[in-house]
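Residues per chain are reported as follows:
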Amino acid sequence: MFLALLELRAARGRFLLMGSVVVLVAALVGIVSGFTTGLGDDTVSALRRLPATHVAFASGSASDQFARGLVDDRTATGWGREERAEATPLGVTLTRGTTGRGTEVDLAAFGVVPGAFTDPGADAGAPLDAARPGGIVVSRRLVDEGVRVGDTLTVDRLGITLDVVGTTGRSAYGHVPVAYVTTDTWRRIRFTVPGATARPAELPAQYSAVALRLPPDAGAAALAAADRRHGTRTVTLEQAFAAAPGYDGERLTMTSIQSFLFLIAPLVVGAFFAVWTVQRTPELALLRALGASRRRLLGHTLAQAALVVAAGTATGGALASAVGLLVGAQVPFSLPATTLAATLGAVALVGLAGTALTLRRVATVDPMTLLGAAR
Amino acid sequence: MSLHLDALTVTLGRGDSRTTALDGFGATFRPGVLTALVGPSGSGKSTLLAVAGALLRPDRGRVLLNGTDLAALGDRERARARRERVGYVFQSGNLLTGLTAEEQLLAAASIAGRRPRALRARARELLTEVGLAHRLAHRPDQLSGGERRRIALARALLLEPELLLVDEPTAAVDRSRAEDLAALLVRTTHRYGSVTVVATHDPVVTEAADATVDMLRPPVSASA
Ligand SMILES: Nc1ncnc2c1ncn2[C@@H]1O[C@H](COP(=O)(O)OP(=O)(O)OP(=O)(O)O)[C@@H](O)[C@H]1O
Ligand SMILES: [Mg+2]
């Protein structure tokens, strides 16, 4: 270790340069990872928090099912009669509203049956109540945007007036904060035409999907048979994320950026250590001539790489977290400590893998080249 | 206690550049004696030092250092012999860049598995002995060629090796410096009782040496 540190100090300029590159790569990976999680949450957190295992869509549409497909009441009740299945209709639609105090908000209205497993309840105020059909429970970000319990919220253009009865935690769909309403209210929002005044009873008894809770051992064949009976296409909750607007595209973009960074990291570190090893071949030959074992040279090359990579990724991680703190309020950025640690661990590992490329060269340095220099 | 070289044959290079650098060379070197190794350029002096110092394995023959045949050892054991038993001053390229004179010595201690801190005082003593007390914190690029060689000598002496090998210590050094270096080598050899072999062209060194071995007329030779 003594020698490794002496060498580090002797070449501190180069190692600092290398360290800063690692810092930047690690920070970039961290930031991209924060945006991946943040954007993902912003698109599907409302779905993720549904305590459902599966979602049944109307058969016939393969993308954007929440917006395109409609299932009717019978489908929901039919699914509910399946053995060991719980089913409840779910409405999802994007809309806009204005509070009595003039705050304008975008919102994703989630229609749920009060008391069903999809009902989020309320952290503050009162939960949805079938007896008070005009109630709305808003999620955290709407509260941040200025919507309060007790406000009235008018759905733009439709003139439907709702009472904010409660609030619940962070929940978003398609980059829009979610508000929960009863299925009846949801049908009014979804099916009322601006200007027309249809009574709820005259509106179609249809919903975006059926949220399902199926036993863990539900087989694919049984699922397919049930789908045929009810005219639906059932996917797991996770697969249903893809039905959220933009989810797949965003993920693809972010993961490809991340993959490139994971490719770049070992190449950068590897290239640096390759140049560094070639540069100090005469010194390695001298160390071998003085009796240093191969293992020792490998050990201290690795120790140096590990130190630079570890210090670099740690600093990069701190930088990414700082960026997260700075921009987290304005943009969807979420970098939990575990994600950060896992990401940085991966960066450090691939970085070290890059050094491994040069280890062979270190191991095969011939001490006799020193005599060549002396001739 | 001695270095006994027995019927050493060394060929270097491959194909057209293949050269027989040593051909059945034999000689015995005694402890506490500085032997000057002389012979024209290309006669195999450096090659002989490399073989004696366990850097190069001969094609044939034995290198008996106090009874162990260094030529018969494996790669790992030869590395161990180099760090524990041999002090080697190369003709050039002796020092590690960026390290101070003192650190050059401590690095060697660390390679040999010794605690650098425990040898710091000794390192300073040796550097003083080679006349570099005022250069402890200088790095190679801040030192003259002769000073660099004296540091290498101090480093070779740090662990009191049984065998001290020095290649052309006075090349490109003025006469008075050469005399100082030769005297230093003789003095340390006598003091530490090492088997010392110095490859040289320089009459200053040959005159100071206790014995001389001529590459062209080795004392014990077995023709291959
Ligand atoms: N790698 C090599 N491949 C082929 N031949 C070599 C190689 N290294 C040295 N030789 C040859 O081996 C012979 C002995 O070389 P060596 O360096 O031992 O001579 P030397 O006596 O030290 O010469 P000098 O006084 O010039 O330092 C020379 O003829 C040299 O050309
Ligand atoms: Mg030579």
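Here the structure is a predicted model, which means the values were calculated and not measured.

Take the overall build of chain B next. Within chain B one finds seven helices and 10 strands. For 224 residues, the compact-globule estimate of 2.2 N^0.38 gives 17 Å, and the C-alpha radius of gyration of chain B, at 17 Å, lies within 12% of that figure. Taken along its principal axes, the extent of the C-alpha atoms in chain B is 50 × 40 × 35 Å. Looking at chain B residue by residue over its 224 residues, the buried ones come to 55%. For chain B, long-range pairs separated by at least 24 residues make up 71% of all intrachain contacts whose partners lie at least 6 apart in sequence.

Chain-level pLDDT for chain A is 89 on average; 99% of the residues reach the 70-or-more range. Considering each helix and strand of chain A separately, the mean pLDDT is smallest for helix α13 (residues 369-374) of chain A, with a value of 65, and largest for strand β10 (residues 176-182) of chain A, with 96.

Interfaces are frequently sized by the accessible area removed from exposure as the parts join. Residues and elements named next belong to chain A. In terms of domains, chain A is made up of domain 1 (2-44 + 248-374) and domain 2 (47-243). For domain 1 and domain 2, the distance between their C-alpha centroids amounts to 47 Å. Tallying the contact residues gives seven residues for domain 1 and 10 residues for domain 2. Between domain 1 and domain 2, roughly 750 Å² of surface is buried when both sides are summed, and carbon and sulfur atoms account for 39% of that area. Applying the counting criterion to the domain 1 and domain 2 interface returns two salt bridges. Taking the shortest distance from any N to any O, the salt bridge between Asp42 and Arg141 comes out at 2.9 Å. Of all the elements in the fold, those that place two or more residues in the side of domain 1 that touches domain 2 are α2 (12-48) and α9 (247-279). No other element matches α2, which puts five residues into the side of domain 1 that touches domain 2. Tallied by class, the residues present in the side of domain 1 that touches domain 2 amount to two nonpolar, one polar and four charged.

This next bit is on the packing of aromatic side chains. Residue and element names in this part refer to chain A. Inspection of every chain in the model, using the stated rule, returns 13 aromatic pairs over all chains. Ring geometry for Phe15 and Trp276: centres 5.1 Å apart, planes at 80°, overall edge-to-face. Here Phe15, found in helix α2, pairs with Trp276, found in helix α9; they are 261 residues apart in sequence, far enough to count as distant. Here the two residues Phe15 and Trp276 agree in accessibility, since each one is buried. Measuring from centroid to centroid gives 5.9 Å for Phe66 and Tyr173, while their planes differ by 90°, and the two rings are edge-to-face.

What follows deals with unusual backbone geometry. All names here are of chain A. Of note, the phi angle at Arg157 is positive, near 70°, even though the residue is not glycine. Tracing the backbone through its elements, the reader meets Arg157 in the loop between β7 (152-155) and β8 (160-168). The exposure class of Arg157 is exposed, given its relative accessible area of 70%.

Moving on to the pairing of strand β12 (residues 209-213) of chain A. Here is the key point about a regular strand: its side chains alternate between the two faces of the sheet. Residues and elements named next belong to chain A. Summarising burial for β12: four of the five residues are buried, a large majority. In this structure, strand β1 (residues 54-58) lies alongside β12, joined through three bridges in antiparallel fashion. By the bridge assignment for β12, Val55 is matched with Ala211. Both strand β3 (residues 86-99) and β12 contribute to a ladder of five bridges, which runs antiparallel. Looking across to β12, one finds that Leu90 is bridged to Ala209.

Moving on, we get to the nonpolar core. Ranked by size, the top nonpolar core spans 51 residues in total, and within it Leu3, Phe25 and Phe90 of chain B carry the most contacts. Every residue in contact with Phe90 of chain B, bar those within four places of it in the chain, is listed here: Leu286, Ala289, Leu290, Leu370 and Leu371 of chain A together with Leu55 and Asp167 of chain B. The next biggest cluster of nonpolar side chains, apart from the first, holds 37 residues, and it includes Leu34, Ala109, Ala152 and Leu184 of chain B.

Turning to the sheet that holds strand β6 (residues 86-89) of chain B, a few remarks are in order. Residues and elements named next belong to chain B. The five strands lie next to each other as β6-β7-β8-β3-β9, forming an open sheet whose pairing is parallel. In this open sheet, the two strands that pair with only one neighbour each are β6 and β9 (211-214). Within the sheet, the average angular offset between the axes of one strand and its neighbour, ignoring direction, is 20°. For strand β7 (residues 163-167) and strand β8 (residues 195-199), the ladder comprises five bridges, and the chain directions are parallel. Of the residues in β8, the one forming a bridge with Asp167 is Ala199. Helix-sheet contacts for helix α5 (residues 145-158) involve β6 and β7, and the interaxial angle to β6 is about 175°.

We now examine the packing of helix α4 (residues 73-81) of chain A against helix α7 (residues 220-230) of chain A. Residues and elements named next belong to chain A. The N-to-C vectors of α4 and α7 enclose an angle of 145°; their axes lie 10 Å apart at closest approach. Crossing handedness for the pair α4 and α7: right-handed. Taken together, the residues of α7 that come into contact with α4 (itself represented by Thr75, Gly78 and Trp79) are Leu223, Ala226, Asp227 and His230. Across the contact of α4 with α7, the residue classes tally to three nonpolar, three polar and one charged.

Among the residues making up helix α2 (residues 75-85) of chain B, those that are buried are Arg78, Ala79, Ala81, Arg82, Arg83 and Arg85 of chain B. In this structure, the buried residues of α2 of chain B make contact with α10 (281-289) of chain A together with β4 (60-65), β5 (68-69), β6, α3 (101-111) and β7 of chain B.

What follows deals with the side chain of Thr185 of chain A. With respect to the secondary-structure elements, Thr185 of chain A resides in helix α6 (residues 183-191). Each residue touching Thr185 of chain A, except ones within four places of it in the same chain, is listed here: Pro133 and Leu162 of chain A.

What follows concerns the packing of helix α11 (residues 294-327) of chain A against helix α12 (residues 337-363) of chain A. Residues and elements named next belong to chain A. One way to put it is that α11 packs onto α12 with a least axis distance of 9 Å and a crossing angle of 155°. In terms of orientation, α11 lies roughly antiparallel with respect to α12. Between α11 and α12 the crossing geometry is right-handed. Counting all contacts with α11, which are made through Arg294, Leu297, Leu298, Thr301, Leu302, Ala305, Ala306, Val309, Thr313, Gly317 and Ser321, the residues of α12 involved are Leu340, Leu344, Val347, Ala348, Leu352, Thr355, Leu359, Val362 and Ala363. Across the contact of α11 with α12, the residue classes break down as 14 nonpolar, five polar and one charged.

Parameters at a glance
- Residues numbered from 1 in each chain as written.
- Chains lettered and ligands numbered in written order.
- Predicted model: local features only at pLDDT ≥ 70, side-chain atom pairs only at ≥ 80, totals over all residues.
- Heavy atoms only, no water.
- Helix = DSSP H or I, 4+ residues; strand = E, 2+ residues; numbered from the N terminus.
- Rg over C-alpha atoms; globule rule 2.2 N^0.38 Å.
- Buried < 20%, exposed > 50% of the residue type's maximum accessible area, 1.4 Å probe, protein only.
- Contact = heavy atoms within 4.5 Å.
- pLDDT = per-residue confidence, 0-100.
- Domains from an automatic or database assignment.
- Buried area = accessible area lost by both parts, 1.4 Å probe.
- Salt bridge = Lys/Arg side-chain N within 4 Å of Asp/Glu carboxyl O.
- Nonpolar A, V, L, I, M, F, W, Y, C, P; charged D, E, K, R; others polar.
- Phe/Tyr/Trp six-rings, centres within 6.5 Å; stacked < 30°, edge-to-face > 60°.
- Pairing = 2+ DSSP bridges.
- Core = buried A, V, L, I, M, F, W, Y, C linked by side-chain atoms within 4.5 Å.
- Axes fitted to C-alpha atoms, helices over the stretch in contact; angles between N-to-C directions.
- Left-handed = near helix turned anticlockwise from the far one by under 90°.
- Parallel < 35°, antiparallel > 145°, perpendicular 65-115°, else oblique.

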